[in-house]
Amino acid sequence: MTIRYRIVRVTPETLPLLFQSLKNLAADLNDNFTTRETELHAALFGPSPTCNALLALQDARVLGAALFSPVFSTVRGGAGAYISDLWVAPEARGQALGTALLAAVAERTRSDWNASFIKLISYSDNDEALRFYARLGFAPLRGATGLTLSGAPLAALSRQTQKDPQ
């Protein structure tokens, strides 16, 4: 049986649905979830938004969600989209909803900022996700290592801009 849904941009009114979806994704992956709803609201609707989000809805029930941000690559010669979170409810898996969400992100980012690529990261032990992405044509970034700076090291680096370079 085919599920019926509609994909919509997240609004302040639907933010709680996105928030719960992201918590569900974290639980599915056994990840920590440290985001507060107020932080997510600021990221989506503050004076300088840092991300966008789409929901796949069946009436008022969430079947899937995508959280994504613009990224620019001089190697690729233009703008792209970085998908930080993609979640499909267990009862909707295997029905091409993940593909539909990715297609909606591709279309939205192409029209909003002329994105010409999508970038995402998957856990290396998440074989199901890796097979899904490979079927769509996603390719591993050979020779690249993902790095993150946060916490005390980020604070220390930030303080470097406060020092007088003379």
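Up top is the structure these notes are about.
What this report covers is the structure whose coordinates are included nearby. (Residues numbered from 1 in each chain as written. Predicted model: local features only at pLDDT ≥ 70, side-chain atom pairs only at ≥ 80, totals over all residues. Heavy atoms only, no water.)

## A short note on the layout of surface pockets
Item 1. Here the largest pocket defines a volume of roughly 1300 Å³.
Item 2. Lining the largest pocket are 40 residues, and of these L25, L29, D85, L86 and Y133 sit closest to its centre.
Item 3. Elements supplying a minimum of two residues to the lining of the largest pocket: α1 (15-29), α2 (37-45), β4 (78-88), α3 (97-113) and α4 (127-136).
Item 4. Examining the composition of the lining of the largest pocket, we find that 7 residues originate from one element, β4, more than from any other.
Item 5. The class makeup of the residues in the lining of the largest pocket is 23 nonpolar, 10 polar and 7 charged.
Item 6. In this model, the second largest pocket occupies a volume close to 710 Å³.
Item 7. Contributing to the lining of the second largest pocket are 22 residues, with L120, I121, A139, P140 and L141 lying nearest its centre.
Item 8. Mapped onto the lining of the second largest pocket, the elements with two or more residues apiece are β5 (118-120) and α4.
Item 9. Across the lining of the second largest pocket, the residue classes break down as 14 nonpolar, 6 polar and 2 charged. (1 Å grid on protein atoms, 1.4 Å probe; cavity = no way out; pocket = protein on both sides within 12 Å on 5 of 7 lines; lining within 4 Å. Points joined across faces, edges and corners; volume = space filled by probe spheres on them. Helix = DSSP H or I, 4+ residues; strand = E, 2+ residues; numbered from the N terminus. Nonpolar A, V, L, I, M, F, W, Y, C, P; charged D, E, K, R; others polar.)

## Remarks on the pattern of salt bridges
Two side chains of opposite charge can pair, provided their charged atoms sit close to one another.
Item 1. On inspection of all chains with the given rule, the structure shows 5 salt bridges.
Item 2. D28 serves as the salt-bridge partner of R93, at 2.7 Å between the closest nitrogen and oxygen. Here R93, found in the loop between β4 and α3, pairs with D28, found in helix α1; they are 65 residues apart in sequence, far enough to count as distant.
Item 3. R93 gets classed as partly exposed once you look at its relative accessible area, which sits at 38%.
Item 4. Owing to a relative accessible area of 43%, D28 belongs among the partly exposed residues under this scheme. (Salt bridge = Lys/Arg side-chain N within 4 Å of Asp/Glu carboxyl O. Buried < 20%, exposed > 50% of the residue type's maximum accessible area, 1.4 Å probe, protein only.)

## Comments concerning unusual backbone geometry
Item 1. In this structure, D59 is a non-glycine residue whose phi angle is positive, near 60°.
Item 2. Here D59 is to be found in the loop between β2 (52-58) and β3 (61-73).
Item 3. Residue A96 is not a glycine yet carries a positive backbone phi of 70°.
Item 4. Here A96 shows up in the loop between β4 and α3.
Item 5. Classification of A96 by relative accessible area gives partly exposed; the value is 48%.

## Some thoughts on the pairing of β3
Item 1. The pairing of β2 with β3 spans 7 bridges and is classified as antiparallel. Looking across to β3, one finds that L54 is bridged to A66.
Item 2. The hairpin turn running from β2 into β3, its antiparallel successor, is 2 residues long, and D59 in that turn takes a positive phi close to 60°.
Item 3. Across 10 bridges, the pairing between β3 and β4 is antiparallel. Bridge pairing in β4 links S69 to Y82. (Pairing = 2+ DSSP bridges.)

That's the geometry; what it means functionally is another story.
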